[in-house]
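Structural characterization, general
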Amino acid sequence: MQNALEAIKFLYIQKYPQTKITFNFGSSGSLQHQIEQGAPIDIFISAAPQQMNFLAEKKLLLSESRQNLLKNQMVLVVPKNNYLINDFKDLTNNSIEQIALGEPRSVPAGQYAQEILTNLDLIDDIQPKAVYGKDVRQVLSYVASGNIEAGIVYRSDAAIAEQVKVVATAPKQTHSPVVYPVAIVKDSKHPQVSQQMLQFFFSPEAQEIFQQYGFLPIADQSRVYSTFKHLTNN
(Lines give C-alpha, C1' and ligand atoms only; values in the text may rest on other atoms or scores of the structure.)
Protein backbone atom coordinates (compact mmCIF):
# COMPACT_ATOMS: atom_id res chain seq x y z
CA MET A 1 0.00 0.00 0.00
CA GLN A 2 2.84 2.38 0.81
CA ASN A 3 4.39 2.24 -2.65
CA ALA A 4 1.03 2.46 -4.40
CA LEU A 5 -0.07 5.48 -2.36
CA GLU A 6 3.21 7.29 -2.96
CA ALA A 7 2.65 6.86 -6.70
CA ILE A 8 -0.98 8.00 -6.41
CA LYS A 9 0.11 11.02 -4.34
CA PHE A 10 2.35 12.16 -7.19
CA LEU A 11 -0.59 11.91 -9.60
CA TYR A 12 -2.99 13.60 -7.16
CA ILE A 13 -0.70 16.57 -6.48
CA GLN A 14 -0.43 17.18 -10.21
CA LYS A 15 -4.22 17.47 -10.36
CA TYR A 16 -4.69 19.31 -7.03
CA PRO A 17 -1.39 21.13 -6.38
CA GLN A 18 -2.83 23.07 -3.43
CA THR A 19 -3.31 19.89 -1.39
CA LYS A 20 -0.81 18.81 1.26
CA ILE A 21 -0.72 15.05 1.87
CA THR A 22 1.00 13.45 4.86
CA PHE A 23 1.01 9.66 5.04
CA ASN A 24 1.18 7.66 8.27
CA PHE A 25 2.10 4.07 7.45
CA GLY A 26 1.85 1.26 9.98
CA SER A 27 -0.04 -1.88 10.85
CA SER A 28 -3.82 -1.52 10.74
CA GLY A 29 -4.04 -2.24 14.47
CA SER A 30 -1.55 0.47 15.31
CA LEU A 31 -3.35 3.03 13.13
CA GLN A 32 -6.68 2.06 14.68
CA HIS A 33 -5.32 2.81 18.16
CA GLN A 34 -3.94 6.15 17.00
CA ILE A 35 -7.37 7.17 15.73
CA GLU A 36 -8.98 6.03 18.99
CA GLN A 37 -6.53 8.25 20.86
CA GLY A 38 -7.44 11.30 18.78
CA ALA A 39 -4.58 11.45 16.29
CA PRO A 40 -5.21 14.12 13.59
CA ILE A 41 -6.10 11.72 10.78
CA ASP A 42 -8.48 12.43 7.90
CA ILE A 43 -8.62 9.13 5.99
CA PHE A 44 -8.05 5.58 7.22
CA ILE A 45 -7.25 2.64 4.94
CA SER A 46 -7.28 -0.68 6.75
CA ALA A 47 -5.91 -4.00 5.52
CA ALA A 48 -8.91 -5.79 7.05
CA PRO A 49 -12.51 -4.95 8.04
CA GLN A 50 -11.92 -5.76 11.73
CA GLN A 51 -10.03 -2.56 12.57
CA MET A 52 -12.54 -0.46 10.65
CA ASN A 53 -15.40 -2.22 12.43
CA PHE A 54 -13.94 -1.35 15.83
CA LEU A 55 -13.77 2.32 14.90
CA ALA A 56 -17.30 2.25 13.46
CA GLU A 57 -18.65 0.74 16.70
CA LYS A 58 -17.10 3.65 18.60
CA LYS A 59 -18.66 6.10 16.11
CA LEU A 60 -15.26 7.46 15.11
CA LEU A 61 -15.93 7.33 11.34
CA LEU A 62 -18.19 9.12 8.91
CA SER A 63 -20.27 6.02 8.27
CA GLU A 64 -21.53 7.09 4.84
CA SER A 65 -17.92 7.44 3.61
CA ARG A 66 -16.91 3.83 4.28
CA GLN A 67 -16.35 1.73 1.17
CA ASN A 68 -14.32 -1.30 0.17
CA LEU A 69 -11.38 0.02 -1.82
CA LEU A 70 -9.41 -3.03 -2.96
CA LYS A 71 -8.87 -6.77 -2.63
CA ASN A 72 -5.69 -8.80 -2.26
CA GLN A 73 -4.38 -12.36 -2.03
CA MET A 74 -2.23 -14.13 0.54
CA VAL A 75 0.88 -15.84 -0.77
CA LEU A 76 3.76 -17.92 0.51
CA VAL A 77 7.14 -16.38 -0.30
CA VAL A 78 10.69 -17.69 0.00
CA PRO A 79 14.12 -16.24 -0.86
CA LYS A 80 14.87 -16.40 -4.58
CA ASN A 81 17.53 -19.10 -4.08
CA ASN A 82 15.31 -21.39 -1.97
CA TYR A 83 14.15 -24.52 -3.81
CA LEU A 84 13.06 -26.58 -0.80
CA ILE A 85 9.63 -24.99 -0.36
CA ASN A 86 7.00 -25.20 -3.09
CA ASP A 87 3.77 -25.36 -1.09
CA PHE A 88 2.36 -24.60 2.34
CA LYS A 89 2.67 -28.23 3.41
CA ASP A 90 6.45 -28.05 2.88
CA LEU A 91 6.63 -25.70 5.87
CA THR A 92 6.24 -28.70 8.18
CA ASN A 93 9.47 -30.30 6.97
CA ASN A 94 12.07 -30.70 9.71
CA SER A 95 14.63 -28.88 7.58
CA ILE A 96 12.57 -25.67 7.77
CA GLU A 97 13.50 -23.86 10.96
CA GLN A 98 11.84 -20.42 10.83
CA ILE A 99 8.71 -18.98 9.19
CA ALA A 100 7.86 -15.26 9.27
CA LEU A 101 4.29 -14.23 10.09
CA GLY A 102 2.58 -11.01 11.05
CA GLU A 103 1.65 -10.58 14.70
CA PRO A 104 -1.97 -11.88 14.56
CA ARG A 105 -3.27 -9.60 17.34
CA SER A 106 -2.47 -6.38 15.47
CA VAL A 107 -1.47 -7.26 11.90
CA PRO A 108 -4.26 -8.40 9.52
CA ALA A 109 -1.74 -10.33 7.42
CA GLY A 110 -0.91 -12.30 10.56
CA GLN A 111 -4.59 -12.97 11.20
CA TYR A 112 -5.06 -14.22 7.64
CA ALA A 113 -1.92 -16.37 7.93
CA GLN A 114 -3.23 -17.94 11.13
CA GLU A 115 -6.54 -18.76 9.41
CA ILE A 116 -4.70 -20.31 6.46
CA LEU A 117 -2.45 -22.49 8.58
CA THR A 118 -5.35 -23.55 10.81
CA ASN A 119 -7.59 -24.48 7.88
CA LEU A 120 -4.75 -26.38 6.20
CA ASP A 121 -4.22 -28.23 9.49
CA LEU A 122 -0.63 -27.00 9.73
CA ILE A 123 -0.80 -24.58 12.66
CA ASP A 124 0.43 -26.96 15.39
CA ASP A 125 3.52 -27.94 13.40
CA ILE A 126 4.36 -24.38 12.34
CA GLN A 127 3.74 -22.39 15.53
CA PRO A 128 7.07 -23.43 17.14
CA LYS A 129 8.86 -22.14 14.03
CA ALA A 130 7.04 -18.80 13.85
CA VAL A 131 8.88 -15.49 13.97
CA TYR A 132 6.45 -12.60 14.27
CA GLY A 133 6.79 -9.20 12.60
CA LYS A 134 5.19 -5.94 13.71
CA ASP A 135 3.81 -5.41 10.20
CA VAL A 136 3.79 -7.19 6.86
CA ARG A 137 6.77 -5.21 5.58
CA GLN A 138 8.90 -6.57 8.42
CA VAL A 139 7.75 -10.10 7.58
CA LEU A 140 8.76 -9.51 3.97
CA SER A 141 12.16 -8.11 4.97
CA TYR A 142 12.88 -11.18 7.12
CA VAL A 143 12.44 -13.40 4.07
CA ALA A 144 14.11 -11.03 1.60
CA SER A 145 17.23 -10.94 3.79
CA GLY A 146 17.52 -14.71 3.57
CA ASN A 147 17.60 -15.02 7.35
CA ILE A 148 14.19 -16.72 7.46
CA GLU A 149 13.16 -19.46 5.06
CA ALA A 150 9.57 -18.48 4.29
CA GLY A 151 6.80 -16.02 5.08
CA ILE A 152 3.13 -15.36 4.40
CA VAL A 153 2.43 -11.91 2.97
CA TYR A 154 0.10 -10.08 0.60
CA ARG A 155 0.63 -10.58 -3.11
CA SER A 156 1.04 -6.80 -3.45
CA ASP A 157 4.03 -6.86 -1.09
CA ALA A 158 5.63 -9.82 -2.82
CA ALA A 159 5.29 -8.00 -6.15
CA ILE A 160 7.71 -5.24 -5.10
CA ALA A 161 10.42 -7.42 -3.51
CA GLU A 162 12.98 -8.63 -6.03
CA GLN A 163 14.73 -10.86 -3.46
CA VAL A 164 11.72 -13.15 -2.93
CA LYS A 165 9.54 -15.37 -5.07
CA VAL A 166 5.96 -16.55 -4.68
CA VAL A 167 5.72 -20.34 -4.45
CA ALA A 168 2.04 -20.72 -3.51
CA THR A 169 -1.19 -18.74 -3.27
CA ALA A 170 -3.50 -19.50 -0.35
CA PRO A 171 -6.83 -20.99 -1.53
CA LYS A 172 -9.70 -18.54 -1.02
CA GLN A 173 -11.59 -20.94 1.22
CA THR A 174 -8.73 -21.04 3.74
CA HIS A 175 -9.08 -17.46 4.97
CA SER A 176 -11.42 -14.50 5.23
CA PRO A 177 -11.62 -12.30 2.13
CA VAL A 178 -8.69 -9.88 2.01
CA VAL A 179 -10.54 -6.60 1.62
CA TYR A 180 -9.24 -3.08 2.23
CA PRO A 181 -11.95 -0.75 3.54
CA VAL A 182 -11.46 3.02 3.51
CA ALA A 183 -13.31 5.74 5.41
CA ILE A 184 -13.09 9.34 6.54
CA VAL A 185 -12.44 9.82 10.25
CA LYS A 186 -15.32 11.63 11.97
CA ASP A 187 -13.09 14.29 13.55
CA SER A 188 -11.38 15.12 10.25
CA LYS A 189 -10.61 18.83 9.94
CA HIS A 190 -10.84 18.53 6.15
CA PRO A 191 -13.95 16.46 5.32
CA GLN A 192 -14.56 17.98 1.88
CA VAL A 193 -10.98 17.52 0.73
CA SER A 194 -11.04 14.01 2.16
CA GLN A 195 -14.13 13.15 0.11
CA GLN A 196 -12.36 14.48 -2.96
CA MET A 197 -9.36 12.25 -2.29
CA LEU A 198 -11.52 9.20 -1.63
CA GLN A 199 -13.22 9.81 -4.96
CA PHE A 200 -9.80 9.90 -6.59
CA PHE A 201 -8.84 6.54 -5.04
CA PHE A 202 -11.71 4.98 -7.02
CA SER A 203 -10.90 6.79 -10.26
CA PRO A 204 -9.64 4.73 -13.22
CA GLU A 205 -6.15 6.28 -13.05
CA ALA A 206 -5.70 5.54 -9.33
CA GLN A 207 -7.16 2.05 -9.66
CA GLU A 208 -4.70 1.33 -12.47
CA ILE A 209 -1.82 2.22 -10.15
CA PHE A 210 -3.19 0.02 -7.37
CA GLN A 211 -3.36 -2.88 -9.82
CA GLN A 212 0.20 -2.23 -11.00
CA TYR A 213 1.26 -2.82 -7.39
CA GLY A 214 -0.53 -6.16 -7.15
CA PHE A 215 -3.93 -5.20 -5.73
CA LEU A 216 -7.21 -6.45 -7.16
CA PRO A 217 -10.15 -4.14 -7.93
CA ILE A 218 -13.52 -4.20 -6.22
CA ALA A 219 -16.20 -5.18 -8.74
CA ASP A 220 -18.42 -2.11 -8.19
CA GLN A 221 -15.67 0.54 -8.11
CA SER A 222 -17.33 2.62 -10.84
CA ARG A 223 -20.49 2.93 -8.72
CA VAL A 224 -18.43 3.99 -5.71
CA TYR A 225 -16.57 6.55 -7.83
CA SER A 226 -19.89 8.04 -8.92
CA THR A 227 -21.14 8.10 -5.31
CA PHE A 228 -18.11 10.03 -4.07
CA LYS A 229 -18.29 12.36 -7.05
CA HIS A 230 -21.86 13.19 -6.05
CA LEU A 231 -20.84 13.74 -2.41
CA THR A 232 -17.93 15.97 -3.40
CA ASN A 233 -20.05 18.08 -5.74
CA ASN A 234 -22.59 18.58 -2.98
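See the structure above.
Below: a short report on this structure. Note that the structure is a prediction, hence the values are computed from the model and not measured.

**A few points about the nonpolar core**
Counting 62 residues, the largest nonpolar core has Phe201 and Phe210 as the members making the most contacts within it. Other than its neighbours up to four places away in sequence, Phe210 contacts Met1, Ala4, Leu5, Ile8, Leu69, Leu70, Phe201 and Phe215.

**Section: the packing of aromatic side chains**
This structure, assessed with the given rule, holds eight aromatic pairs. Taking 5.4 Å as the distance between ring centres and 90° as the angle between the ring planes, the aromatic pair formed by Tyr180 and Phe215 counts as edge-to-face. One end of the pair, Tyr180, is in strand β8 (residues 179–184); the other, Phe215, is in the loop between α9 (204–212) and β9 (216–217), and 35 residues separate them in sequence. In this structure Tyr180 comes out as buried when scored by relative accessible area, which is 4%. For Phe215, a relative accessible area of 3% corresponds to the buried category.

**Description of the sheet that holds β9**
Taking strand neighbours across the sheet as the criterion, the four strands line up as β1-β8-β2-β9 in an open arrangement whose pairing is antiparallel. The open sheet has two free edges, formed respectively by β1 (43–45) and β9, since each of these has just one partner strand. Looking at chain direction, strand β2 (residues 67–71) and β8 are connected through four bridges and run antiparallel. Residue pairing across strands places Leu70 opposite Tyr180, the latter belonging to β8. Strands β1, β2 and β8 of the sheet are contacted by helix α8 (residues 191–201), whose axis makes an angle of about 155° with β8.

**Some points on the pattern of salt bridges**
Across all of its chains, the model carries five salt bridges by this definition. We note a salt bridge from Lys58 to Glu36, for which the minimum N-O separation is 3.1 Å. Placement of the pair is Lys58 in the loop between α3 (49–57) and β2 and Glu36 in helix α2 (residues 28–36), with a sequence separation of 22 residues. By relative accessible area, which is 27% here, Glu36 ends up partly exposed. As a salt-bridge pair, Arg137 and Asp157 come within 3.0 Å of each other at their nearest N and O atoms. One end of the pair, Arg137, is in helix α6 (residues 136–144); the other, Asp157, is in helix α7 (residues 155–158), with 20 residues separating them in the sequence.

**Comments concerning the environment of Pro40**
Locating Pro40 in the fold gives a position in the loop between α2 and β1. A C-alpha to C-alpha distance of 37 Å links Pro40 and Leu117, two positions 77 residues apart in sequence.

**Thoughts on the layout of surface pockets**
Within this model, the largest pocket holds a volume of roughly 1,200 Å³. Residue lining of the largest pocket: 48 residues in total, with Phe23, Asn24, Phe25, Leu31 and Ile43 positioned closest to the centre. Those elements that place two or more of their residues in the lining of the largest pocket are α1 (2–15), α2, β1, α4 (108–119), α6, α7 and α8. For the lining of the largest pocket, the residue count by class is 27 nonpolar, 13 polar and eight charged.

What counts, and at which threshold
Residues numbered from 1 in each chain as written. Predicted model: local features only at pLDDT ≥ 70, side-chain atom pairs only at ≥ 80, totals over all residues. Heavy atoms only, no water. Core = buried A, V, L, I, M, F, W, Y, C linked by side-chain atoms within 4.5 Å. Buried < 20%, exposed > 50% of the residue type's maximum accessible area, 1.4 Å probe, protein only. Contact = heavy atoms within 4.5 Å. Phe/Tyr/Trp six-rings, centres within 6.5 Å; stacked < 30°, edge-to-face > 60°. Helix = DSSP H or I, 4+ residues; strand = E, 2+ residues; numbered from the N terminus. Pairing = 2+ DSSP bridges. Axes fitted to C-alpha atoms, helices over the stretch in contact; angles between N-to-C directions. Salt bridge = Lys/Arg side-chain N within 4 Å of Asp/Glu carboxyl O. 1 Å grid on protein atoms, 1.4 Å probe; cavity = no way out; pocket = protein on both sides within 12 Å on 5 of 7 lines; lining within 4 Å. Points joined across faces, edges and corners; volume = space filled by probe spheres on them. Nonpolar A, V, L, I, M, F, W, Y, C, P; charged D, E, K, R; others polar.

Keep in mind that these numbers describe shape and distance, not what the molecule does.
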